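# Residue-level structure breakdown
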Amino acid sequence: MSIVVQNLRRTFGTFQALRGINLEIADHQLVALLGPSGSGKTTLLRIIGGLDFPDPGQGKILINGEDVTEEPAADRKAGFVFQHYALFNHLSVFDNVAFGLEVRRRAVRPGKAAIRDRVLELLRLVQLEGLEARLPSELSGGQRQRVALARALAIEPKVLLLDEPFGALDAKVRKDLRRWLRSFHREIGVTTVFVTHDQQEALELADVVVVMNQGQVEQVGSPQQVYDQPATPFLYEFLGDVNKVRKPGRPDLFYVRPHEIRILFAGDAEAEFHAKIEHLFAAGPSARLTLRFQDSRDTLDADITRLQLEEMGLSEGDEVGLKLALSTHG
Amino acid sequence: MGKKRPRSILPGFGLSLGFTLAYLGLIVLFPLLLVFVKASGLGWSGLLHAVSTPRVLAACRLTFGLSALACLLNCVFGLLIAWVLVRYRFPGRGFLDASVDLPFAMPTAVAGIALTGIYAPNGWIGSLLKPYGIKVAFAPPGILIALVFIGLPFVVRTLQPVLEDFEIAQEEAAASLGATRWQTFCRVVFPQLAPALVTGTTLAFARAVGEYGSVVFIAGNMPGKTEIVPLLIITKLEQYDYAGATALAALMLLISFALLLLINFLQRKTLVRPTT
Ligand SMILES: Nc1ncnc2c1ncn2[C@@H]1O[C@H](COP(=O)(O)OP(=O)(O)OP(=O)(O)O)[C@@H](O)[C@H]1O
Ligand SMILES: [Mg+2]
């Protein structure tokens, strides 16, 4: 279901954590909330989930077109997955997942057998079959994460909200779960918002990336849009490797990503600038050159293929010519 | 080399275990064992005879009955107080928090005298209750009040740290899954507090059973009516009835130990392993 956030403000004491957030998320989308630490991602997610509320009269939350701003979490049917899972330590995996069904009013509570079927089906979905009798303390981090997910899904949530779902996991598990979440989302199709401060994760996984900074939304777009056409200098620096350099002899700053630099022979007529290779690092599929402009203290990084490196026979100390695919911001 | 033992990651296990056993043995178990040795001098029939007089039985009923009641009251209200102290911020909270320890800190006789002063028929509260024919001091309700008083900090102080460490996110998770506040408390919070609550209540009970100082002032000490076991033991000692006193002491020890074991067992069953 769709989520709309209108003009949302949230103040803690005198500190403005959210300063007028506007956001529209279409049905079935997988959305990443990306931003540096303290930018308000968790606060926004909690307000969408009904765990926190905007300043009085300052903003609205619509889920599926319905104003839910004043609705407490218990009525909102938003599945929330916490950064540290927040599993019920005293309950088995089965009882954790069944919780949302067990606490329903008698009139709408499924029977014992129906609950059992549903829980086992969910555990199959998150690939935890056979672990239903374990306690949370007997699971690995990745398994706990999936129990938390199954628990949130048990209530057939209108939207799924995940706060740094892979934050506490090691790189390998993280990568696996990331891929798994992608196909999983395709399968169940529920509108999903996840918080992350890992840009790689956001760009790889999401249909839409929302970049936040200091309580505001900086840009909303597809991963490619956000990466290729950053709307603000903040975004340029925040997303991906970027060189921030002054053109030789000129005062204005420009941003250029390492793979947007073409390396030419020093004598090449196409060369816009000249620089010296200060450092060369060639491991993996590409090589990274650290270049220093002539007559300048500025350095910049450039990535070229190993093949090009060998063909041109470059080594440290060589003079090269540069041509930049420029995206300038002053 | 003999058989290989599985290696423990904690160093000095043997040493620390040995020390613990020796210490516990010397400080706690040895003196208590002597009580049994002395009591056994009476022989079974002598023991049974010494503890089955109506006066002793009445004192046992009174002591264990009121102690149980007091610790149950403390269990309920101690939980409430710990909850309020941890979860709410209000002016005077620091003062209230500190005052919880008062029953720990002051000589129990002082507590006894103060409580008696208030609840005696001519005291503040006692005089209010007197017209209704309610007698608190010098009657079982007075003993109960003294036992509640000295037991309260045990419950509050064992619960507080557990409650403070409790992950608020679990409550939020319950709420987002549709649970009401009450369901969240009953199904999520309470079960995880239960082990600490059992511990605190047990401690309060154990303390109440052995309490002497604060009770003797308010109890009235009428044999068969408001006489508690610890007082009876002292009375017997004063009458040079060492055998009777020892027999009674041995009985108290047995009952207390059995109860503590039972509660320990209960606690083990409710124990929750936290995820880390
Ligand atoms: N309950 C609170 N009381 C006071 N300030 C708060 C509270 N919750 C959040 N803040 C402040 O609001 C700002 C945004 O916090 P939030 O948790 O939303 O950041 P975040 O983007 O999730 O950061 P991170 O990536 O580190 O999790 C922070 O500066 C934080 O200190
Ligand atoms: Mg956060």
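On a predicted model such as this, the values are computed, not experimentally measured, just so you know.

We now examine the overall build of chain A. Secondary structure summary: chain A contains ten helices and 18 strands in total. With the C-alpha coordinates aligned to their principal axes, the bounding extent of chain A is approximately 80 × 50 × 30 Å. Among the 330 residues that make up chain A, the fraction classed as buried is 51%. Of the contacts formed within chain A by residues at least 6 apart in sequence, a portion of 61% connects residues at least 24 apart.

The next point concerns unusual backbone geometry. Residues and elements named next belong to chain A. In this model, lysine 77 sits at a positive phi of 55 degrees, which is unusual for a non-glycine residue. Here lysine 77 is to be found in the loop between helix H2 (73-76) and strand S6 (78-81). By relative accessible area, lysine 77 is classed as partly exposed at 33%. Residue glutamine 127 is not a glycine yet carries a positive backbone phi of 60 degrees.

What follows deals with the site of ligand 1. All names here are of chain A. The local shell around ligand 1 holds 13 residues, among which Ser37, Gly38, Lys41, Thr42 and Thr43 are the closest. Take serine 37: an N or O atom from its side chain is 2.5 Å from an oxygen atom of ligand 1. A distance of 2.5 Å separates an oxygen atom of ligand 1 from a polar side-chain atom of threonine 43. Contact with the protein chains covers 59% of the free accessible surface of ligand 1, which is 640 Å². Of all elements in the fold, only strand S2 (15-25) and helix H1 (41-49) reach the threshold of two or more residues within the shell around ligand 1. Among the elements that line the shell around ligand 1, the one with the most residues is H1, at three residues. Among the residues making up the shell around ligand 1, the classes are represented as four nonpolar, seven polar and two charged.

Let us look at the packing of aromatic side chains. The full count for this structure, using the stated rule, is ten aromatic pairs over all chains. Arranged with centres 4.7 Å apart and planes meeting at 40 degrees, the rings of phenylalanine 80 of chain A and phenylalanine 82 of chain A form a pair that is tilted. Exposure remark for phenylalanine 82 of chain A: the relative accessible area of 6% places this residue in the buried category. A cation over an aromatic ring shows up here: arginine 151 of chain A above the ring of phenylalanine 88 of chain A, its NZ or CZ 4.5 Å from the ring centre. One residue, arginine 87 of chain B, lies across the ring of tryptophan 83 of chain B, its end atom 4.6 Å from the ring centre.

Glancing now at the pairing of strand S3 (residues 30-34) of chain A. Residues and elements named next belong to chain A. Of all five residues in S3, five are buried; the element is thus mostly enclosed. Covered by surrounding structure in S3 are Leu30, Ala32 and Leu34 together with Val31 and Leu33, the residues of both alternating faces. As defined by bridge partners, S3 adjoins strand S8 (residues 191-196) across five bridges and the pair is classed as parallel. Note that in S8 the partner of leucine 33 across the bridge is valine 195. Sheet topology note: the S3/strand S9 (residues 208-213) ladder contains four bridges and is parallel. Following the sheet pairing, leucine 34 is matched in S9 by valine 211.

Another point: the pattern of salt bridges. Tallied over the full model, the rule gives 22 salt bridges over all chains. Between aspartate 241 of chain B and lysine 236 of chain B there is a salt bridge, with the nearest N and O atoms lying 3.8 Å from each other. By sharing partners, the salt bridges in this structure join Arg174, Arg178, Asp198, Glu201 and Glu204 of chain A into a single network.

Interfaces are often described in size by the accessible area the parts lose on coming together. With 21 residues of chain B at the interface, the matching set in chain A holds 25 residues. Where chain B abuts chain A, roughly 2100 Å² becomes buried across the two surfaces, and 59% of that area is made up of carbon and sulfur atoms. For the interface between chain B and chain A, the tally reads one salt bridge. A salt bridge links glutamate 172 of chain B to arginine 46 of chain A, with the nearest nitrogen and oxygen atoms 2.7 Å apart. At the boundary of chain B and chain A, one finds five residue pairs in polar contact (both at pLDDT 80 or more). If you list the elements that add at least two residues to the side of chain B that touches chain A, you get helix H9 (168-176) and helix H10 (181-210) of chain B. Counting residues per element, the side of chain B that touches chain A draws most heavily on H9 of chain B, at seven residues. Partitioned by chemical class, the residues of the side of chain B that touches chain A number ten nonpolar, seven polar and four charged.

Another aspect to go through is H1 of chain A. In terms of burial, H1 of chain A is largely enclosed, as eight of its nine residues are buried. Within H1 of chain A, the full set of buried residues consists of Lys41, Thr43, Leu44, Leu45, Arg46, Ile47, Ile48 and Gly49 of chain A.

Glancing now at the nonpolar core. Val5, Leu44 and Phe99 of chain A are the most contacted members of the largest nonpolar core, which totals 80 residues. No other element matches helix H3 (residues 54-87) of chain B, which puts eleven residues into this core. Counting 46 residues, the second largest nonpolar core, distinct from the first, contains Val93, Leu160, Val190 and Leu235 of chain A.

Quick look at the packing of H3 of chain B against helix H8 (residues 140-165) of chain B now. All names here are of chain B. Closest axis-to-axis distance for the H3/H8 pair is 6 Å, and the angle between their directions is 40 degrees. When the axes of H3 and H8 are compared, the pair comes out oblique. Regarding H3 and H8, the two cross each other, and that crossing is right-handed. Counted by class, the contact of H3 with H8 contains 22 nonpolar, five polar and two charged residues.

Residue and element names in this part refer to chain B. With the rule as written, the count across this model stands at zero disulfides over all chains. With no disulfide partner, cysteine 60 has as its closest neighbouring cysteine sulfur the one in cysteine 71, 17 Å distant. For cysteine 60, a relative accessible area of 12% translates into the label buried. With no disulfide of its own, cysteine 186 lies closest to cysteine 75 among cysteine sulfurs, the gap being 14 Å. By relative accessible area, which is 34% here, cysteine 186 ends up partly exposed.

Parameters and conventions
- Residues numbered from 1 in each chain as written.
- Chains lettered and ligands numbered in written order.
- Predicted model: local features only at pLDDT ≥ 70, side-chain atom pairs only at ≥ 80, totals over all residues.
- Heavy atoms only, no water.
- Helix = DSSP H or I, 4+ residues; strand = E, 2+ residues; numbered from the N terminus.
- Buried < 20%, exposed > 50% of the residue type's maximum accessible area, 1.4 Å probe, protein only.
- Contact = heavy atoms within 4.5 Å.
- Near = heavy atom within 4 Å.
- Polar contact = N/O pair within 3.5 Å; in protein donor to acceptor, adjacent residues only side chain to side chain.
- Areas by Shrake-Rupley, 256 points an atom, 1.4 Å probe, with all protein chains shown as cover.
- Nonpolar A, V, L, I, M, F, W, Y, C, P; charged D, E, K, R; others polar.
- Phe/Tyr/Trp six-rings, centres within 6.5 Å; stacked < 30°, edge-to-face > 60°.
- Lys NZ or Arg CZ within 6 Å of the ring centre and 35° of its normal.
- Pairing = 2+ DSSP bridges.
- Salt bridge = Lys/Arg side-chain N within 4 Å of Asp/Glu carboxyl O.
- Buried area = accessible area lost by both parts, 1.4 Å probe.
- Core = buried A, V, L, I, M, F, W, Y, C linked by side-chain atoms within 4.5 Å.
- Axes fitted to C-alpha atoms, helices over the stretch in contact; angles between N-to-C directions.
- Parallel < 35°, antiparallel > 145°, perpendicular 65-115°, else oblique.
- Left-handed = near helix turned anticlockwise from the far one by under 90°.
- Disulfide = S-S within 2.5 Å.

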